[in-house]
Amino acid sequence: MKNPINIFWFRRDLRLDDNIGFYEALTSEYPVLPLFIFDTEILEDLPKDDARVTFIFDALQNMRTTLQKEHGSSLALYHGKPLAIYKQLIKDYDIAAVYSNHDYEPYALKRDTEIKEFLSKNGVGFHSFKDQVIFEKNEIVKKDGNPYRVYTPYMKVWKEKFKTIDLKIFDTHSVLKNLVTNSKLPNLSLPDLGFKKASQKIADYEVTPSLIQDYEKNRNFPAQDSTSRLGPHLRFGTVSIRKIMKKAIAEKNDIFWQELIWREFFMQILWHFPHTATESFKPKYDRIEWLNNEDQFKRWCDGTTGYPLVDAGMRQLNTTGFMHNRVRMLVGSFLCKHLLIDWRWGEGYFAEKLHDYDMASNVGNWQWVAGCGVDASPYFRIFNPTTQIEKFDKDLKYITKWVPDFQKSTYPEKMVDHKEARLRCFETYKRALD
Ligand code: FAD
């Protein structure tokens, strides 16, 4: 007879420390088999040298090595559709329960419901915990129980509620003994997954006291590169949000703290309104007659619009997988408003390229830029791509770095005239919204 075990299923929480679901599994009755599934449904759409896949792979190998060297255990890696993998696992092991952390994206919710039902039919429990946010789902809602659609009141209530909780850090290391003692669990290589090591590398994050203190002063200037680079680390859970939140609060800098709250705001929006992954939150905006010119879209993607700050942002994205937030707002506005290209095209391009791509934040911010989202930028707010340079890159440092051909004869002419495009945008939006 096989001995009963519990499984801990890692997903977007790739760390051993301060991981709530993992902690709960380790303090349960049975030894824990740590596990990760490279989901073919997710992988099949990605470029074969995707930096995010390499990042996930490396994080898992590091965890696996720690578990092997320090705990006589390991981390089992599988590749396939989660349901098919679980069908096999219940044959290979006597599983009492599967533990994991909540994942709120529409695909993940569907996947987890399917797995939970399958396990339940086979007498196996499925326990999931809140880990990647401080407040989730229905925890911050209006007095009448409806979700907030405007950020500022959400943020205020978030802060009030935060004062009432004891933000505990889960010391997983102290309970890491309760693991399955088998250091030869299945492993995989990147080629086994059909991928190769990416040439782009996901940057390390930095959350020093001085970065947080000076955040407000520096954050708007793309040449300074003075933001935390936390995005991908929060996305894949290589850092705990609780630890970051503690640091943010210790420095008493409201603005940095509030950026982290924007992340949770958009997560609860996607959870309450999952249709906004593909449809405008304000339905009227789906009546806009987008021009969707493919040649113009290509010029935007390539960073050859003739507007140097837009081009610098797109070239930074294409080269590094990152773009400064200030420039993301400008390139987004330029695409939707100057070129009248559907926000979903831009959202899709960012999803492919951004190392910190996260559906809730990407969709939320794109809808903000296009004007069609909750608490969105009003449609008549059209960034001027030239005056933005005077405000945020006055000495042209960022532009010169990413667009060295700027001011050379080879640099493209402006693809649209700002004044004409602005007028055209007003008219088109007005027609749809009136
Ligand atoms: P910092 O400025 O150091 O901020 C710290 C953290 O706060 C970020 O890592 C992020 O988790 C959170 N944060 C900051 N600003 C926002 C915001 N506006 N919305 C939500 N969370 C925020 N962010 C993503 O994480 N994934 C995306 O796919 C994404 N797509 C975007 C698309 C557009 C069109 C725009 C305008 C913004 C997008 N953002 C997205 C938000 C923001 O640009 C990035 O979070 C930020 O630039 C990442 O850099 P950083 O980690 O150095 O952030």
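All values reported here derive from a predicted model rather than from experimental measurement.

Scoring rules and cut-offs
- Residues numbered from 1 in each chain as written.
- Predicted model: local features only at pLDDT ≥ 70, side-chain atom pairs only at ≥ 80, totals over all residues.
- Heavy atoms only, no water.
- Helix = DSSP H or I, 4+ residues; strand = E, 2+ residues; numbered from the N terminus.
- Rg over C-alpha atoms; globule rule 2.2 N^0.38 Å.
- Contact = heavy atoms within 4.5 Å.
- Buried < 20%, exposed > 50% of the residue type's maximum accessible area, 1.4 Å probe, protein only.
- Pairing = 2+ DSSP bridges.
- Arc of directions from axis to C-beta.
- Near = heavy atom within 4 Å.
- Polar contact = N/O pair within 3.5 Å; in protein donor to acceptor, adjacent residues only side chain to side chain.
- Areas by Shrake-Rupley, 256 points an atom, 1.4 Å probe, with all protein chains shown as cover.
- 1 Å grid on protein atoms, 1.4 Å probe; cavity = no way out; pocket = protein on both sides within 12 Å on 5 of 7 lines; lining within 4 Å.
- Sits in = over half its atoms within 2 Å of the grid points.
- Axes fitted to C-alpha atoms, helices over the stretch in contact; angles between N-to-C directions.
- Domains from an automatic or database assignment.
- Buried area = accessible area lost by both parts, 1.4 Å probe.
- Salt bridge = Lys/Arg side-chain N within 4 Å of Asp/Glu carboxyl O.
- Phe/Tyr/Trp six-rings, centres within 6.5 Å; stacked < 30°, edge-to-face > 60°.
- Lys NZ or Arg CZ within 6 Å of the ring centre and 35° of its normal.
- Parallel < 35°, antiparallel > 145°, perpendicular 65-115°, else oblique.
- Left-handed = near helix turned anticlockwise from the far one by under 90°.
- Disulfide = S-S within 2.5 Å.
- Points joined across faces, edges and corners; volume = space filled by probe spheres on them.

1. A look at the overall build of the protein
Assigned secondary structure in the protein consists of 19 helices and five strands. In terms of C-alpha radius of gyration, the protein reaches 23 Å, essentially the compact-globule figure of 22 Å for 434 residues. Taken along its principal axes, the extent of the C-alpha atoms in the protein is 75 × 50 × 45 Å. For the protein, long-range pairs separated by at least 24 residues make up 81% of all intrachain contacts whose partners lie at least 6 apart in sequence.

2. A word on the pairing of strand 3 (residues 76-80)
The two faces of a sheet get side chains in turn, since along a regular strand they alternate between them. Most of strand 3 is tucked away, with four of its five residues classed as buried. Here strand 2 (residues 32-39) pairs with strand 3 via five bridges, running parallel. Following the sheet pairing, I37 is matched in strand 3 by Y78.

3. Here's the deal with helix 4 (residues 82-92)
For helix 4, the complete set of buried residues consists of P82, I85, Y86 and L89. The arc enclosing the buried residues of helix 4, seen along the axis, measures out at 95 degrees, which places them on a common side. Buried residues along helix 4 sit against strand 1 (4-10), strand 2, strand 3, strand 4 (94-101) and helix 5 (106-121).

4. Focus: the site of the ligand
Looking at the ligand, there are 26 residues lining it, with Y215, T227, S228, R229 and N325 nearest. Taking S228, its side chain carries an N or O atom lying 2.6 Å from an oxygen atom of the ligand. Within the side chain of N365, a nitrogen or oxygen atom sits 3.1 Å from a nitrogen atom of the ligand. Here the ligand has 810 Å² of accessible area as a free molecule, and 97% of this is covered by the chains. Applying the majority rule of atoms within 2 Å of the grid points places the ligand in the largest pocket. Elements with a minimum of two residues in the shell around the ligand: helix 9 (231-236), helix 11 (254-272), helix 14 (325-338) and helix 16 (359-370).

5. A look at the sheet that holds strand 5 (residues 125-129)
Taken together, five strands build an open sheet; the order of strands is 3-2-1-4-5 and the sheet is parallel. Every other strand in the sheet has two partners, leaving strand 3 and strand 5 as the edge strands with one partner each. On average, adjacent strands in this sheet sit at an angle of 30 degrees to one another, irrespective of strand direction. Note: strand 4 against strand 5, five bridges, orientation parallel. Looking at the pairing, N101 lines up with F129 of strand 5. Sheet strands in contact with helix 3 (residues 51-71) are strand 1, strand 2 and strand 3, and its direction is about 165 degrees off that of strand 2. Contacts between helix 5 and the sheet are confined to strand 1, strand 2, strand 4 and strand 5, with strand 5 contributing the most and set at about 150 degrees to the helix.

6. Digging into the domain arrangement of the protein
How big an interface is tends to be reported as the loss of accessible area on association of its parts. Annotation of the protein at the domain level lists domain 1 (1-130), domain 2 (132-167 + 205-272) and domain 3 (277-433). Here the C-alpha centre of domain 3 lies 25 Å away from the C-alpha centre of domain 2. Taken residue by residue, the interface counts 22 residues in domain 2 and 22 residues in domain 3. The contact between domain 2 and domain 3 buries some 1900 Å² in all, and 68% of this surface belongs to carbon and sulfur atoms. When the buried surface of domain 2 facing domain 3 is broken down by residue, P222, F266 and L270 rank first, second and third, together holding 32% of it. Between domain 2 and domain 3 we count one salt bridge in total. Salt-bridge contacts for D358 lead to R235; the nearest nitrogen and oxygen are separated by 3.8 Å. One can count five residue pairs in polar contact (both at pLDDT 80 or more) joining domain 2 with domain 3.

7. Remarks on the packing of aromatic side chains
Within this structure, the stated rule accounts for 35 aromatic pairs. Linked through ring pairs, Y148, Y151, Y154, W262, F265 and F266 together constitute an aromatic cluster. The positively charged end of R229 is found above the aromatic ring belonging to F322, 3.7 Å away from the centroid.

8. Overview of the environment of G21
Structurally, G21 is set in helix 1 (residues 20-26). Overall, G21 belongs to the buried group, its relative accessible area being 0%. Each C-alpha atom of the pair G21 and F406 lies 51 Å from the other, and the pair is 385 residues apart in sequence. Contact partners of G21, with chain neighbours within four places excluded, come to F8, Y99, S100, N101 and F129.

9. Here we look at the packing of helix 4 against helix 5
Running from N to C, helix 4 and helix 5 point in directions that differ by 20 degrees, and their axes come no closer than 10 Å. Comparing their axes, helix 5 and helix 4 come out roughly parallel. Note that helix 4 runs across helix 5; the crossing there is right-handed. Contacts from P82, L83, Y86, K87 and I90 of helix 4 reach helix 5 at R111, E114, I115, F118 and L119.

10. Some words on the state of the cysteines
Here the structure, examined in full by the defined rule, presents zero disulfides. For the unlinked cysteine C336, the closest cysteine sulfur is that of C372, found at 7.5 Å.

11. With respect to the layout of surface pockets
The space that makes up the largest pocket amounts to roughly 1300 Å³. Along the wall of the largest pocket there are 47 residues; nearest its centre are Y215, E259, N325, R328 and N365. Of all the secondary-structure elements, those providing two or more residues to the lining of the largest pocket are helix 9, helix 11, helix 14 and helix 16. Top element by residues in the lining of the largest pocket is helix 11. It accounts for nine residues.

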